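# Secondary and tertiary structure notes
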Amino acid sequence: MLYADGMTRTAHEPRIARVAAMVADPARSLMLAYLLSGEWASAGELATAASVTPATASGHLSKLLEAGLLVCQARGRHRYYQLADQDVAHALEALAVVAERSIHERMWEHPTRKRLRFARCCYGHLAGQLGVSVLTALHGQGGLKANRDGYELTPAGLAWLSKMDLQPKAPSSGRRFAYPCLDWSERKDHLAGQLADELLQHFIQKAWVRRVDGRALDLTPLGIQALLPMLLTPAAHNA
């Protein structure tokens, strides 16, 4: 096909225009950002998050479902929504990195954003400074070995996890086990995948971190005592 600029483009190029149009709308972008927690949310919650009426939210949600960015589950009279998969979550995080790179540090001066920057949920796994620290600590232990899908645990990694009473499940055939994910606030990698999801759930069950508003997570007094030393001084746990 010949375009007005005289260039020919083929149908084999990435077809991103439709997805970009979905994300470009301010209300839909707020809904998608809200769902980056990985949790299910009702239409009413998403309407509130986007500051639109329920009727307007319904129209936006229909478009996001049609575009394959969301999935929906009916529970009684209510419908609940979630991001379609981790590919959508990673794409949104990557867009956030690009969108704010010229004003990055200023954007994180607000107290609410500082809380998000320290620790937050990224579609089921731990992100922010705490999430980056987990990956850094695992690398410091020699706990991860690169493979074609991302990482696999080494004996040293398994030993390090056992010190926090975690015996990870065997890798699932249905999803990637562990891989790096570029962090929105830190612009460094945190850990994503099955192992990362297990780690966050383990931290919550141990009462080392707790959910607060939206995606934000707080490190508890127990977490300061038990988890933080393992992240700050990984070499001390290498014996």
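These lines cover the structure that appears in this document, whether it is placed above or below. (Residues numbered from 1 in each chain as written. Predicted model: local features only at pLDDT ≥ 70, side-chain atom pairs only at ≥ 80, totals over all residues. Heavy atoms only, no water.)

## Description of the pairing of strand β6 (residues 144–147)
For clarity, the cut-off: At least two bridges found by DSSP between two strands are what make those strands a pair. Here a strand is any run of E in DSSP of at least two residues, a helix any run of H or I of at least four, and the numbering for each starts at the N terminus.
With four bridges connecting them, β6 and strand β7 (residues 150–153) associate as antiparallel partners. Across the sheet, residue Asn147 finds its bridge partner in β7, namely Gly150. Between β6 and the antiparallel strand that follows it, β7, lie two residues.

## Concerning the sheet that holds strand β1 (residues 41–42)
In space, the three strands of this open sheet follow the order β1-β3-β2, with antiparallel pairing throughout. The open sheet has two free edges, formed respectively by β1 and β2 (70–75), since each of these has just one partner strand. Taken together, the six bridges between β2 and strand β3 (residues 78–83) define a ladder with antiparallel strand orientation. Its bridge partner being in β3, Arg75 is matched across the sheet by His78.

## Quick look at the packing of aromatic side chains
As a reminder, the rule being used: Paired rings are identified among Phe, Tyr and Trp, the last through its six-membered ring, by centres lying within 6.5 Å, and are further divided according to the angle between planes into stacked (under 30 degrees), edge-to-face (over 60) and tilted (the rest). When accessible area is computed with a 1.4 Å probe and restricted to protein chains, residues below 20% of their type maximum are described as buried, those above 50% as exposed, and intermediate ones as partly exposed. Lysine and arginine charges are scored as sitting over a ring when NZ or CZ, respectively, is within 6 Å of the ring centre and within 35 degrees of the ring normal.
Scanning the entire structure with this criterion turns up one aromatic pair. Seen in terms of ring centroids, Phe203 and Trp208 are 5.9 Å apart; in terms of plane orientation they differ by 40°. Their pairing is tilted. Judged by its relative accessible area of 8%, Trp208 falls in the buried class. Looking at Arg75, its charged tip hangs above the ring of Tyr80, at a distance of 5.1 Å from the centre. Directly above the ring of Tyr179 sits Arg176, whose terminal nitrogen or CZ lies 3.8 Å from the centroid.

## Some remarks on helix α9 (residues 155–162)
Going by this rule: The reported arc concerns the directions from the helix axis to the C-beta atoms and nothing else. Throughout, a contact is declared for two residues whenever any of their heavy atoms are within 4.5 Å.
Taken residue by residue, α9 has Gly157, Trp160 and Leu161 as its buried positions. Buried residues of α9, viewed axially, fall in a sector of 95°; they line one side. Each element contacted by the buried residues of α9 is listed here: α8 (128–140), β7, α10 (194–205) and α12 (228–232).

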